[in-house]
Every structure is written in structure tokens, then in C-alpha cells.
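For reference, the chains in residue letters:
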Amino acid sequence: MTYEELIEKAMEAKQNAYAPYSGFLVGAALLTKEGKVYTGCNIECASYGATNCAERTAIFKAVSEGERNIEAIAIVGNSDEYIYPCGICRQVIMEFGSRIKIIVARSEHDFMIHTINNLLPNSFSFSNLKKTDGGL
Ligand code: THU
């Protein structure tokens, strides 16, 4: 699967976005190291805080199916701009691998690739938790 094809999958997923409050449609498509694709869209809720972003929808679908080896995730929005993952999604992306390629796309032919270390520097991660003494 090429990055162009992955971006197309994200565009298809965007069509399922449920965003009646913001009107901001987002699609994501995640590629596993084995070549499987999981897609996601944003899903809003009248209780706004319950909203789930497209990226987390895709990641949670993959992880809940037993997939943890994520190669790349492509993200598209319904604006002319590159749509970057929000802070919460960056943390979730970090959870599943610091080498995931984050593809922000305006079209199949117009995209940029980032790493999570670049988008979430000096992050909190599992390695910090190992250092705790549990409050003793
Ligand atoms: N949203 C995403 O799905 N992904 C992002 O990276 C940024 C924001 C959604 C959440 C909400 O439904 C809408 O965009 C506006 O914030």
C-alpha cells in the first residue's frame, strides 16, 4: 500500500465523519506493519467532551483487533490545510510507537510526513511510569 492509497482510505473514512456540531470532518487511515488498514473518522457528541477524533478512532479500532504494530497513519480534514493530530491523539500515537509515520495530507499528492518525536517532544510515556516508587 502506497502513502497515496493510504490517504485515499483516509478520505473515504472522512465521509463517515459524524460532526454535526463543528462541521469539521476528519478522516484517518492507519497502516500496520503487516499491511492491514484500519480507518477512522471523528465522532462528535452533544456532550462535546465525549467526542472522539478520527486518529483515535482508527488506533482504537486497530488495537482492539489485536494490532499494535503501526507503521503509519494518514490524516485528512475538510479544509485546504494540513490537519495535525490534536494533543490527546499525539499522546495516543506515542503510546503505540515512536517511529510511526504521521502523514498529514491535503490531497493524495500533497502531503508531509512527520514523526511523533517531532510533534510531541519531551513527552510523558511508559518509561516514566517505570521510575515511580508508587508513592512509598
Ligand atoms: N478532530 C479530529 O478528528 N482530529 C484532529 O486531529 C483534530 C480535531 C475533530 C474533533 C472534532 O470533532 C472536530 O475535529 C473539531 O475539533
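Just so you know, these numbers come straight off a predicted model, no measurement behind them.

Q: Tell me what's going on with the sheet that holds strand β2 (residues 37–41), and back it up with residues and numbers.
A: Taken together, 5 strands build an open sheet; the order of strands is β2-β1-β3-β4-β5 and the sheet is mixed. Each edge of the open sheet is held by one strand with a lone partner, namely β2 and β5 (110–115). On average, adjacent strands in this sheet sit at an angle of 20° to one another, irrespective of strand direction. One ladder, built from 7 bridges, connects strand β1 (residues 26–32) with strand β3 (residues 70–77); its direction is antiparallel. Along β3, the bridge assignment pairs Ala28 with Ile75. Each of β1, β2 and β3 touches helix α2 (residues 54–64); the most contacted strand, β2, lies at about 140° to it.

Q: Describe the pairing of β5, with residues and values.
A: Judged from the 6 bridges that link them, strand β4 (residues 101–107) and β5 form a sheet pairing that is antiparallel. In the strand pairing of β5, Ser107 is matched with Asp110. The hairpin formed by β4 and β5 contains 2 residues between the paired strands.

Q: Go over the environment of Asn16 with me, naming the residues and quoting the values.
A: As for its placement among the helices and strands, Asn16 is situated in the loop between α1 (3–14) and β1. Each C-alpha atom of the pair Asn16 and Val26 lies 8.9 Å from the other, and the pair is 10 residues apart in sequence.

About the criteria used
- Residues numbered from 1 in each chain as written.
- Predicted model: local features only at pLDDT ≥ 70, side-chain atom pairs only at ≥ 80, totals over all residues.
- Heavy atoms only, no water.
- Pairing = 2+ DSSP bridges.
- Helix = DSSP H or I, 4+ residues; strand = E, 2+ residues; numbered from the N terminus.
- Axes fitted to C-alpha atoms, helices over the stretch in contact; angles between N-to-C directions.
- Contact = heavy atoms within 4.5 Å.

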